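Chain by chain, the residues run as shown.
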Amino acid sequence: MNKNAKIYIAGHRGLVGSALIRQLQTQGYSNIVTRTHAELDLTNQTLVAEFFATEQPEYVILAAAKVGGIHANNTYPAEFIQENLAIQSNVIHQSYVAGVKRLLFLGSSCIYPRDCPQPIKEEYLLTGPLEPTNRPYALAKIAGIEMCWSYNRQYGTQFLAMMPTNLYGPGDNYHPENSHVIPAMIRKLHTAKVNQQSSVTLWGTGTPKREFLYSDDMAQACVFILNLPDEIYKPLLGADRNDGLPPLLNLGSGSDLTIAELAQLVGKVVGFDDNIIFDTTKPDGTMKKLMDSSRLNQLGWHVTTSLRDGLQSAYQDFKKYEVLK
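Residues numbered from 1 in each chain as written. Predicted model: local features only at pLDDT ≥ 70, side-chain atom pairs only at ≥ 80, totals over all residues. Heavy atoms only, no water.

Engineer: What is the right way to look at the overall build of the chain in this model?
Structural biologist: Within the chain, the regular secondary structure consists of 11 helices and 12 strands. A compact globule built from 325 residues should have a C-alpha radius of gyration of about 20 Å, and the chain, at 19 Å, falls within 12% of that. Judged by the C-alpha coordinates and their principal axes, the chain covers about 60 × 40 × 40 Å. Here the chain holds 325 residues, and 52% of them are scored as buried. Contacts spanning at least 24 positions in sequence make up 82% of the contacts within the chain whose residues lie at least 6 apart. Total accessible area on the chain is roughly 14,300 Å²; 49% of this is exposed by carbon and sulfur atoms. (Helix = DSSP H or I, 4+ residues; strand = E, 2+ residues; numbered from the N terminus. Rg over C-alpha atoms; globule rule 2.2 N^0.38 Å. Buried < 20%, exposed > 50% of the residue type's maximum accessible area, 1.4 Å probe, protein only. Contact = heavy atoms within 4.5 Å. Areas by Shrake-Rupley, 256 points an atom, 1.4 Å probe, with all protein chains shown as cover.)

Engineer: How do you make sense of unusual backbone geometry when you look at a structure like this?
Structural biologist: Glycine aside, residues mostly have negative phi angles, and peptide bonds mostly take the trans form. Across the junction of Gln118 and Pro119, the peptide omega takes the value -10°, indicating a cis bond. Inspection of the secondary structure puts Pro119 in the loop between strand E4 (102–106) and helix H5 (135–155). Within the chain, Gln56 stands out as a residue other than glycine whose phi angle is a positive 50°. Take Gln56: it is sitting in the loop between helix H2 (45–55) and strand E3 (59–62). Unusually for a residue other than glycine, Gln196 sits at a positive phi of about 55°. Relative to the helices and strands, Gln196 resides in the loop between helix H6 (181–194) and strand E7 (199–203).

Engineer: How do you make sense of the packing of aromatic side chains when you look at a structure like this?
Structural biologist: What characterises a pair of aromatic rings is the spacing of the ring centres plus the angle enclosed by the ring planes. Counting across every chain of the model gives 10 aromatic pairs. Between the NZ or CZ atom of Lys66 and the centre of the ring of Phe80, over which it lies, the distance is 5.2 Å. (Phe/Tyr/Trp six-rings, centres within 6.5 Å; stacked < 30°, edge-to-face > 60°. Lys NZ or Arg CZ within 6 Å of the ring centre and 35° of its normal.)

Engineer: Would you explain the pairing of strand E9 (residues 248–251) in this entry?
Structural biologist: Along any regular strand, the residues point their side chains to alternate faces of the sheet. Neither face of E9 is exposed, since Leu248 and Asn250 on one face and Leu249 and Leu251 on the opposite face are all buried. Direction of pairing for strand E5 (residues 159–164) relative to E9: parallel, over a ladder of four bridges. If you follow Ala161 over to E9, its bridge partner there is Leu248. (Pairing = 2+ DSSP bridges.)

Engineer: Looking at this model, I keep getting lost on empty space enclosed by the protein. Mind explaining?
Structural biologist: Gaps left between atoms show up when a probe the size of a water molecule is rolled over them. Inspection of every chain in the model, using the stated rule, returns one cavity of 30 Å³ or more. Space inside the largest cavity adds up to approximately 40 Å³. Its residues assigned to classes, the lining of the largest cavity shows two nonpolar, three polar and three charged. (1 Å grid on protein atoms, 1.4 Å probe; cavity = no way out; pocket = protein on both sides within 12 Å on 5 of 7 lines; lining within 4 Å. Points joined across faces, edges and corners; volume = space filled by probe spheres on them. Nonpolar A, V, L, I, M, F, W, Y, C, P; charged D, E, K, R; others polar.)

Engineer: Would you explain helix H1 (residues 15–26) in this entry?
Structural biologist: Because the α-helix completes a turn every 3.6 residues, residues three or four places apart line up on one side. In this model H1 runs 17 Å from its N-terminal to its C-terminal C-alpha over 12 residues, within 8% of the 16 Å that 1.5 Å per residue would give. Summarising burial for H1: nine of the 12 residues are buried, a large majority. Restricting attention to buried positions, one finds in H1 the residues Leu15, Val16, Gly17, Ser18, Ala19, Leu20, Ile21, Gln23 and Leu24. Turning to H1, the residues buried within the fold contact strand E1 (7–10), strand E2 (32–33), E3, E4, strand E6 (166–168) and helix H7 (215–226). The first or second residue beyond H1 is Gly28, which carries a positive phi of 95°. (Expected span 1.5 Å × (residues − 1).)

Okay, here's the thing in structure tokens:
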């Protein structure tokens, strides 16, 4: 990408989008286009069409989505499927209409079957039932992958889906009910420390294993992929291959740990050294989700931030959030 290329980040205020902007600015990209939800409702087909016709971005990273943890997915399944389908349908289609050079569509590892082999390879998509607690969100993201694939095949577009593992970092959502596991854990253990509680109760058994990736590492991977030369990038798109593999790349750290181990690590970072109890009546979700990111690694990208270092940065960000709220 030329340093002056016009790059549209859809969803720039979230965990993913803010990391993308930091990374692009660090690498010297200055022509970054953003819109808040108040300025542009991505579920509105007419408004999205007008935006693309006016701005004519050269590159698009679609990070906008309705996201949340197990509780949010269980509580608002209709919103999760309807809003995400609308957002990605509008942005992907208008990217084609506007002649966007390359588009990255960001999703989540929950697109893969609940019980698929580990580590999870891209070819495991659609090989088994999904985890019921986040099926509406996962199906929306799967539809987005298929949409990228279809447009590549029919129109010769260069739309690629990247599926990050569980992300965390600056700009995360710390809502007490709708946050993911790391920000929820940071908030709960920090509150317990401040209130001098003797114990904290967390959901589930603590035995499921999860993989985590620092958001700035994710952003670095996205910029790396967008800068690949055509001879390396185009074979990823699935338009001319007969192997049945969609335009899909896994993006993970390559290692996992149990939720109980994560809680102990977050406790050390936050400074809560008391008793952590697990409420085994609450759901665990999928027992293990480790991504196979070897295809991305073979292209030359590798993770650079350790989980401990990333958690330290995330906690510093949370303390700023606490002061400002």
